[in-house]
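A structural walkthrough
Okay, here's what each chain looks like letter by letter:
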Amino acid sequence: MTAVLVCLALGAAFGRWQALPARTVGDGVSFDRGSLVLVEPTPALSLDEGDEIYVDIEGGERGFRRVVTVNDSWERYYEIQVDGGERLVIKLPETVWRVSHVVRYAGLPFAVFVGRIQSLLLVFAGLALIAWAELRRNRIEGEETAPPPDTGPPDAGPTEAASRVTGDTPVLTS
């Protein structure tokens, strides 16, 4: 599981793909809300009818839409299907996010971790976990390396406190 999350994070960091929860899904799209969708950057000139893309519609919100027809591929005008069976002709940017894989029902738990605030909370939680582990490790190492207290011989009783040795301290020899 950790390896999968690391691969997803690395791919997203380098712009090779993004894993997105399907929150807004237009009509005609082959998956439902709550799915986890893997999208990859694709030149708009290579889109065909029936492709599913993640797009930002002016005046609307970002979501998954289906390309109905290609009106002008050189100028990147495409007709997409939006909610209620309505079709809208929009000009797409040079690169769009095309759907490559869908994992049904996996988007709901994944949506908890997607977003700026959630990402910051996860970073702080990770840093707190690292700090807690380091404090715990240092405390355990300190207990292992500390010398045992010197109690003296078993029947000697309490010992006198040592005094500071100076240059005029007499030295006793026997």
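Refer to the structure presented above.
Residues numbered from 1 in each chain as written. Predicted model: local features only at pLDDT ≥ 70, side-chain atom pairs only at ≥ 80, totals over all residues. Heavy atoms only, no water.

Examining unusual backbone geometry
Residues apart from glycine generally show negative phi values, whereas peptide bonds are mostly found in trans. Put simply, the test is: Going along the chain from the N terminus, every DSSP run of H or I of four or more residues is numbered as a helix, and every run of E of two or more is numbered as a strand.
For R76, which is not glycine, the phi torsion reads 65 degrees and is therefore positive. Here R76 shows up in the loop between β4 (62–72) and β5 (77–81).

A few points about the nonpolar core
Side chains of a nonpolar character, in soluble globular proteins, are inclined to be buried together. Heads up, the rule is: Definition used in this section: a nonpolar core is a set of buried Ala, Val, Leu, Ile, Met, Phe, Trp, Tyr and Cys residues joined via side-chain atoms within 4.5 Å. Each residue is assigned to one of three classes by its accessible area relative to the maximum for its type, calculated with a 1.4 Å probe on protein chains only: buried under 20%, partly exposed between the two thresholds, exposed over 50%. Every residue pair with non-hydrogen atoms within 4.5 Å of one another is taken to be in contact.
Counting 12 residues, the largest nonpolar core is built from A44, L47, I53, V55, I57, V67, Y78, I80, V82, I90, L92 and V96. Elements with a contribution of two residues or more to this core: β3 (52–56) and β5. Beyond its immediate stretch of four places on either side in the chain, I80 contacts I53, V55, I57, R65, R66, V67, V68, E86, R87, L88 and I90. Core analysis: the next-biggest nonpolar cluster, separate from the first, contains 11 residues, A22, V25, V37 and W97 among them.

Remarks on the sheet that holds β4
Keep this limit in mind: The criterion for strand pairing is that DSSP finds at least two bridges linking the strands in question. Comment: axis = line fitted to C-alpha atoms, over the contacting stretch for helices; angle = value between 0 and 180 degrees taken between N-to-C directions.
With antiparallel pairing, the seven strands of this open sheet are ordered in space as β1-β2-β7-β3-β4-β5-β6. At either margin of the open sheet sits one strand with a lone partner, and together these are β1 (18–21) and β6 (87–91). Put simply, the sheet's adjacent strands are angled 50 degrees from each other on average, direction ignored. In this sheet, β6 lies alongside β5 in antiparallel orientation, the contact comprising five bridges. By the bridge assignment, Y78 is partnered in β6 with I90.

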